[in-house]
Amino acid sequence: MDYQYPIDIDWSTDEIITVVKFFECIEKAYEKGVEKAELMEQYRAFKKIVPGKAQEKNVCDEFEEVSGYSTYRTIKKAKDATENSRIKMP
């Protein structure tokens, strides 16, 4: 990984850790797969930090630009998946 996560300077240390854990979950979905429950738990925590759609889109677009990983497609796939599924992105 040779990129930086998109971080807002107004976030607290705990909030930054929460956002980074969410992006790490997205990375896992692409690299080896992640359990739906874990991904959705991290997404819910992320949404507490980034509740607005516009801010979410900006942060996630920035992450996709540097990583190549789409949070939108990953979360959509997880929402459409059955419980106890493993989410593996192509």
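Above: the structure in question.
Since the model is a prediction, treat every value here as computed from it, not as a measurement.

Analysis parameters
Residues numbered from 1 in each chain as written. Predicted model: local features only at pLDDT ≥ 70, side-chain atom pairs only at ≥ 80, totals over all residues. Heavy atoms only, no water. Axes fitted to C-alpha atoms, helices over the stretch in contact; angles between N-to-C directions. Helix = DSSP H or I, 4+ residues; strand = E, 2+ residues; numbered from the N terminus. Parallel < 35°, antiparallel > 145°, perpendicular 65-115°, else oblique. Contact = heavy atoms within 4.5 Å. 1 Å grid on protein atoms, 1.4 Å probe; cavity = no way out; pocket = protein on both sides within 12 Å on 5 of 7 lines; lining within 4 Å. Points joined across faces, edges and corners; volume = space filled by probe spheres on them. Nonpolar A, V, L, I, M, F, W, Y, C, P; charged D, E, K, R; others polar. Expected span 1.5 Å × (residues − 1). Buried < 20%, exposed > 50% of the residue type's maximum accessible area, 1.4 Å probe, protein only.

## Some points on the packing of helix H1 (residues 13-31) against helix H4 (residues 71-80)
Part 1 of the reasoning: Viewed as axis vectors pointing N to C, H1 and H4 meet at an angle of 75°, and their least axial separation amounts to 10 Å. Of the possible angle classes, the one that applies to H1 and H4 is roughly perpendicular. Counted together, Phe-22, Phe-23, Ile-26, Ala-29 and Tyr-30 of H1 and Thr-71, Arg-73, Thr-74 and Ile-75 of H4 form the full contact between these two elements.

## Let's talk about the layout of surface pockets
Part 1 of the reasoning: Quantified by volume, the largest pocket comes out at close to 320 Å³.
Part 2 of the reasoning: What lines the largest pocket is a set of 15 residues, among which Tyr-43, Lys-53, Glu-56, Thr-71 and Tyr-72 lie closest to the centre.
Part 3 of the reasoning: At the level of secondary structure, the elements contributing two or more residues to the lining of the largest pocket comprise helix H3 (53-67) and H4.
Part 4 of the reasoning: Among the residues forming the lining of the largest pocket, the class breakdown is five nonpolar, two polar and eight charged.

## A word on H1
Every α-helix winds through 3.6 residues per turn, so residues three or four apart in the chain are directed the same way.
Part 1 of the reasoning: Over its 19 residues, H1 runs 26 Å from end to end, which matches the ideal 27 Å to within 8%, given 1.5 Å per residue.
Part 2 of the reasoning: For H1, every residue scored as buried is listed here: Thr-18, Val-19, Val-20, Phe-22, Phe-23, Cys-25, Ile-26, Glu-27, Ala-29 and Tyr-30.
Part 3 of the reasoning: Where H1 is buried, its residues touch strand S1 (34-35), helix H2 (36-49), H3, H4 and strand S2 (86-87).
Part 4 of the reasoning: Trailing H1 by a residue or two, Gly-33 shows a phi angle of about 100°, which is positive.

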